[in-house]
Amino acid sequence: MSHVYAVRAVLPGMLARGQGYLLHTASAAGLLTQIGSAPYSVTKHAAVGFAEWLSITHRRDGIRVSCLCPQGVRTQMLYQTDGGIAAHLQATAIDTDAVADAVIAGLGTEQFLILPHPEVADYFQHKAGDYDRWLRGMCRLQDRCGRIQ
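Residues numbered from 1 in each chain as written. Predicted model: local features only at pLDDT ≥ 70, side-chain atom pairs only at ≥ 80, totals over all residues. Heavy atoms only, no water.

S.K.: Whenever I open this one, unusual backbone geometry confuses me. Can you help?
M.R.: One can expect most non-glycine residues to show negative phi and most peptide bonds to be in trans. You will see that Thr33, though not glycine, has its phi angle at about 90 degrees, which is positive. On the secondary structure map, Thr33 appears in the loop between α2 (29–32) and α3 (38–58). For Thr33, a relative accessible area of 34% puts it in the partly exposed group. A positive phi angle is found at Glu110, which is not glycine, with a value near 55 degrees. With respect to the helices, strands and loops of the structure, Glu110 is situated in the loop between α6 (96–108) and β3 (113–114). A relative accessible area of 41% places Glu110 in the partly exposed class. (Helix = DSSP H or I, 4+ residues; strand = E, 2+ residues; numbered from the N terminus. Buried < 20%, exposed > 50% of the residue type's maximum accessible area, 1.4 Å probe, protein only.)

The following block contains the structure:
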């Protein structure tokens, strides 16, 4: 609900000024799903959906919206869990400076999806192009990483 609370706090002022910018931080899990964690996946999908809705609803009001969807980022959160999907994400994790650089570039071009990991765009296109094939691939990834409860 943090995205909703933040928007409730700042949107009225932005609307009154006729401009503003909202940056929502979600995750690649909001586009692709997080193996092993239904709450994480569902809330990240909701964050992306809410950002999309805001962008569509308030663009004519001068409000711009971007949604940051990194994959693995070298933070304590990623390294708190050993094995499973965390090990998979750690292999391609980027540092926080790379995420910040992607945000600055994305905001500069008013890009909606800010994807610090370029491969996430490819995965997202594969998902959209053949959903059933993508689901089968995610099942195989889950089998390789182990089912996390």
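S.K.: Could you clarify how one ought to interpret the environment of Ile104 in this entry?
M.R.: Relative to the elements of secondary structure, Ile104 occurs in helix α6. Residues Ile104 and Ile114, 10 residues apart in the sequence, show an inter-C-alpha distance of 9.5 Å.

S.K.: Explanation requested: the packing of aromatic side chains in the structure shown.
M.R.: The relation between two aromatic rings is expressed through the spacing of the ring centres and the mutual angle of the planes. This structure, assessed with the given rule, holds two aromatic pairs. Note on Phe50 and Trp53: the rings are 6.3 Å apart at their centroids and 5 degrees apart in plane angle, and the pair reads as stacked. Taken as a pair, Phe50 and Trp53 lie in helix α3 at a separation of three residues, close to a single helical turn. Aromatic side chains Tyr131 and Trp134 sit 5.8 Å apart centroid to centroid with 65 degrees between the ring planes, which places their arrangement in the edge-to-face category. Of this pair, Tyr131 and Trp134 both sit in helix α8 (residues 131–145), three residues apart, which is roughly one turn of that helix. Classification of Tyr131 as partly exposed rests on a relative accessible area of 46%. Overall, the relative accessible area of 12% leaves Trp134 in the buried class. The cationic tip of Lys127 hangs over the ring face of Trp134; the distance from NZ or CZ to the ring centre is 4.6 Å. (Phe/Tyr/Trp six-rings, centres within 6.5 Å; stacked < 30°, edge-to-face > 60°. Lys NZ or Arg CZ within 6 Å of the ring centre and 35° of its normal.)

S.K.: What am I meant to see in the side chain of Ser41 here?
M.R.: Along the chain, Ser41 falls in helix α3. Sequence-distant contacts of Ser41, that is, excluding residues within four places in its chain, are made with Ala29, Thr33 and Gln34. (Contact = heavy atoms within 4.5 Å.)

S.K.: Just to check I follow, could you spell out the sheet that holds strand β2 (residues 63–68) for this structure?
M.R.: On the basis of which strands lie adjacent, the open sheet formed by three strands has the order β1-β2-β3 and parallel pairing. What marks the edges here is a single partner per strand, and that holds for β1 (20–25) and β3. Bridge count for β2 against β3 is two bridges, and the pairing is parallel. Across the sheet, the residue bridging to Cys67 is Leu113, located in β3. (Pairing = 2+ DSSP bridges.)

S.K.: Got a minute to help me understand the layout of surface pockets in this structure?
M.R.: One water molecule sets the probe size; rolling that probe over the atoms shows where empty space is left. Volume-wise, the second largest pocket comes out at about 170 Å³. Forming the boundary of the second largest pocket are Met1, Ser2, His3, Val4, Thr25, Thr43, Lys44, Ala46, Ala47 and Phe50. When contributions to the lining of the second largest pocket are tallied by element, the ones reaching two or more residues are α1 (2–17) and α3. Sorting elements by how many residues they give to the lining of the second largest pocket places α3 first, with five residues. (1 Å grid on protein atoms, 1.4 Å probe; cavity = no way out; pocket = protein on both sides within 12 Å on 5 of 7 lines; lining within 4 Å. Points joined across faces, edges and corners; volume = space filled by probe spheres on them.)

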